[in-house]
Amino acid sequence: NRTVYLKDYRPTDFIIETVDLVFDLGETMTTVGSQIRMRRRPGADPSAPLIFDGDGLALSGLALDGKPLLPERYDSNANRLTIRDLPEDGAFTLTIKTRINPTANSQLLGLYRTNGIYSTQCEAEGFRRITYFYDRPDVLAVYTVTIIADEKTCPLLLSNGNLVEEQRLDDGRHMARWHDPFPKPSYLFALVAGDLSMIEDRFKTMSGRDVTLRIYVEHGKAGRAGYAMDSLKRAMKWDEERFGREYDLDIFMIVAVSDFNMGAMENKGLNIFNDRLILADPETATDDDYARIEAVVAHEYFHNWTGNRITCRDWFQLSLKEGLTVYREHEFSADERSRPVVRVEEVKFLRAHQFPEDGGPLAHPVRPTEYVEIDNFYTTTVYEKGSEVSRMIATLLGPEGFRKGLDLFFERHDGGAVTIEDYLTCFEEATGHDLTHFALWYHQAGTPVISVDSAYDEEKAELRLTLGQKTPATPGQRIKKPLHIPLRVGLIGPNGDDMEASAISGGAHRKDVLELTQDEQTFVFEGIGARPAISVNRDFSAPVRVRFDQSREDRLRIAGAETDLVARWDTVNALALEALVRAAENVKAGQPVTVDAGLSAVLVATAEDETLEPAFRALALALPSELDIGREIGANVDPDAIHTARKTVIRAIAETGCETFVRLATGMDTLSAFSPDAASAGRRALANAALALAAAAENTPARASRAYQAADNMTDMLAAMRVLAHQFAGSDEAEDALSDFRRRFAGEPLVLDKWFSTLATVPGGQTLERVASLMGDTAFDETNPNRVRALIGAFASSNPTGFNRPDGAAYDFFADFILTSDRRNATLTARLMTAMRSFEALEPQRRALARKAIERIAGHDDLSRNLRDIVDRMLK
Ligand code: B3K
Ligand code: ZN
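Being a predicted model, the structure only gives us computed values, none of them experimental.

Peer 1: Would you mind going over the packing of helix H1 (residues 226–243) against helix H3 (residues 318–336) in detail, with residue names and values included?
Peer 2: Two elements in contact, H1 and H3, have axes separated by 11 Å at closest approach and are oriented at 105°. The angle between H1 and H3 places the two elements in the roughly perpendicular class. From H1, Arg 234, Ala 235, Trp 238 and Arg 242 reach across to H3, where they touch Glu 331, Phe 332, Asp 335 and Glu 336. Counted by class, the contact of H1 with H3 contains three nonpolar, no polar and five charged residues.

Peer 1: Run through the UniProt feature "domain: Peptidase M1 alanyl aminopeptidase Ig-like fold" (unreviewed entry) in the protein chain, naming residues and quoting values.
Peer 2: Mapped onto the present numbering, the UniProt feature "domain: Peptidase M1 alanyl aminopeptidase Ig-like fold" (unreviewed entry) falls at residues 446–548. Helix makes up 0% of residues 446–548 and strand 49%, and the two end C-alpha atoms of the span are 19 Å apart.

Peer 1: Tell me about the site of ligand 1, and please be specific about residues and values.
Peer 2: As a matter of local geometry, ligand 1 sits amid Glu 123, Ala 124, Met 262, Ala 264, Met 265, Glu 266, His 299, Glu 300, His 303, Glu 322, Asp 375 and Tyr 378. Elements with a minimum of two residues in the shell around ligand 1: strand E20 (264–265) and helix H2 (287–302). Each residue belonging to the shell around ligand 1 can be placed in one class, and the counts come to five nonpolar, two polar and five charged.

Peer 1: Let's hear about helix H11 (residues 614–621): which residues, and what values?
Peer 2: Extensive coverage of H11 is indicated by the burial of eight of its eight residues. All of the buried residues in H11 are Pro 614, Ala 615, Phe 616, Arg 617, Ala 618, Leu 619, Ala 620 and Leu 621. Tucked inside the fold, the buried residues of H11 contact helix H4 (339–358), helix H9 (565–588), helix H10 (597–608) and helix H15 (678–698).

Peer 1: Could you give an account of the environment of Gly 386, with specific residues and numbers?
Peer 2: By secondary structure assignment, the location of Gly 386 is in helix H5 (residues 380–413). Taking the C-alpha atoms as reference, Gly 386 lies 5.9 Å from Val 366; in sequence the two are 20 residues apart. In this structure, Gly 386 is in contact with Ser 319, Glu 322, Gly 323, Val 326 and Val 366, ignoring residues within four places of it in sequence.

Peer 1: Give a detailed account of the pairing of strand E7 (residues 74–77), specifying residues and quantitative values.
Peer 2: Bridge count for E7 against strand E8 (residues 80–83) is four bridges, and the pairing is antiparallel. When the bridges of E8 are listed, Asn 77 appears paired with Arg 80. Count of turn residues in the E7/E8 antiparallel hairpin: two residues.

Conventions used here
- Residues numbered from 1 in each chain as written.
- Chains lettered and ligands numbered in written order.
- Predicted model: local features only at pLDDT ≥ 70, side-chain atom pairs only at ≥ 80, totals over all residues.
- Axes fitted to C-alpha atoms, helices over the stretch in contact; angles between N-to-C directions.
- Helix = DSSP H or I, 4+ residues; strand = E, 2+ residues; numbered from the N terminus.
- Parallel < 35°, antiparallel > 145°, perpendicular 65-115°, else oblique.
- Contact = placed C-beta atoms within 7 Å.
- Nonpolar A, V, L, I, M, F, W, Y, C, P; charged D, E, K, R; others polar.
- UniProt positions renumbered as here; feature names shortened; annotations may be inferred.
- Near = placed C-beta within 6 Å.
- Buried ≥ 20, exposed ≤ 12 C-beta atoms within 10 Å, placed from the backbone.
- Pairing = 2+ DSSP bridges.

Here you go:
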């Protein structure tokens, strides 16, 4: 297995100036002509050969300056092209011809054709599946792309940049030529051809330029692209206002395709999207779908500056574009929606996905130092933790400092392929801050644990806050150093108001942000007239775990009065999580489960608090999931005990607050016409959270069944169906709703994904058989990544009792699926496999069975590099 190391980075021996590509599209045979204008890099070894990457290619022609190259001048195989004796200086032109089969390309990487549409995915290393090239991000070139195809089946021919020529050819074919004036790396190349429908709009940029905006979708779906277009325009405006970034081409296009490995791709001027992140209307999309569409459309657009205009020197720098762009996306969502609600959702996501990654066998730094397969590093660590690291820079420097640093970054590095060091240097130079210590966040894996101790001296009116930090060992990094951690701290007085210290000593701080830089530090707050309740990590200012043995009284004060809503939610959530963990321990020990009245009271009071926005109240009511509880327990996990415990606790809380929940659940009926805005979505979220609790209290499916029938939008419909399927599995009401849903949306694959997921996550061992039989449903298609994720992915990653059946049958089923799927689509399969990464946390019997299944996979010697890398690291 080849391992790539950061320390081996060196620039290429040759520089590429321009690339002229000619695609003659055929379903099973497409020819690609590539004419590359290039020269040896000044100072490079004059005898060095040119070595281009390939992946499964067949060379069908090779010429230098128009003359066929003699066989002794080059070697080629499927994965490499080597040319010797190239000119020492001066430009030359290389012409390379390859033949590829887009229809047989089930990896969905490179150029592929599904549903009659040709499209590409080149990041990270897909371009080498199209033609031999320097397929690496630091080689920037200007591309001209000519596409020739049958006019009937492919009326639409798209690539990056501006359309410069169109022509009708003989035999019913036509051609289009696109030119992208901005030098770009090969991973941003894109091509789309086929028959699609389109919606169009315009945007006037801040300097007054007119930009044409187009979104292409399957015929019949144009009516569902409006929200994506609206999101795009808002994102363009926001990036101008917030960061001074203006769009640079005359046209911006988005194409939605139904077979796509990930969410979306930021190709220059021609974003390609998974259609589930474009298509939305009230009948088929939930509020969460709308929010996701808005966020991802913005994310890909924001890449135009952070990623495209300034790109990565090598793939180790991936977080340079991804972490920063996620941060920009998060800020956009916060400005467009409710800032605290958006932040709580980010915290939940980070804890549910990144923390376990950081604490498991696949842990790696935000900037890794080695990889076997780069595809496996598009992780929550690179993305979400990377975003948190940029957020911490903003917290340490303040918004103006952050903006100044970023302005310098754009000015200095526009057109460049740069490193994370280059990024940090801009903040240092623009603000005078030293980020040397802070930079460790990029290099050290693992989630720091912060310990908090406090002592209040009434006489001195002084609070001493002792903060400690410890980062657990991760694979390949046993010894950890202390990090530079910004912790936002609030002191809440007896009347619920914030207390201001007259002075703070013991370490650097910026307003209420304490800078923890050592293993342990004591901060002293002066002028504190009464003992405060201490709120640590307000707004989740650092991606850490906090261990604080705080009095119950203080926690209840925070849960009821904290003005920082993120910390308030966190405390409510932590109280609930503790109760659930205790209940699971009781179940395991065969003891009765008791729920203390304090917790129910906090939840009911939060639900009823009209001063809080509904979306926030909904978040508080959505109690920690079975997965959350399992993660908190961390070792010797018994999913069945957790399930029973959670059900019992929810029932008790639901009964206490039954009246409230019934009232809130019926509030739904009074809503007027559907609008996807955040406030309306929040009201639906509250009503649906209340519905789940009301149904639990009443212990009958009647209410949810009525809600299902009354629902006039997908959010309410799905919420009711999930209550029926999950809380009343097997009831007539549940089965009726499920079969009604299946019938009603028979022609809507994206909606049926919700149905597959709902069924795949029904708790209990019997779900395995249901999942296995659903693979035979006519709507299921194992070649479509969305279907696979909806059924198999949801089952493996979100059904703890079903997937972890004590007899291990689900592990075997999953392993069989993985082995078949790996041959078809390695990217998707390796990603799917990570669902089992925390198997070591299970109780011994399940752990052993899970290991056996993973070992069975690892025992095959023909695994893809992607899957091999994941299972090897999981078993290490
Ligand atoms: N940059 C792409 C992800 C590419 C994944 C390649 N395996 C989408 C994004 O992060 O915006
Ligand atoms: Zn991205």
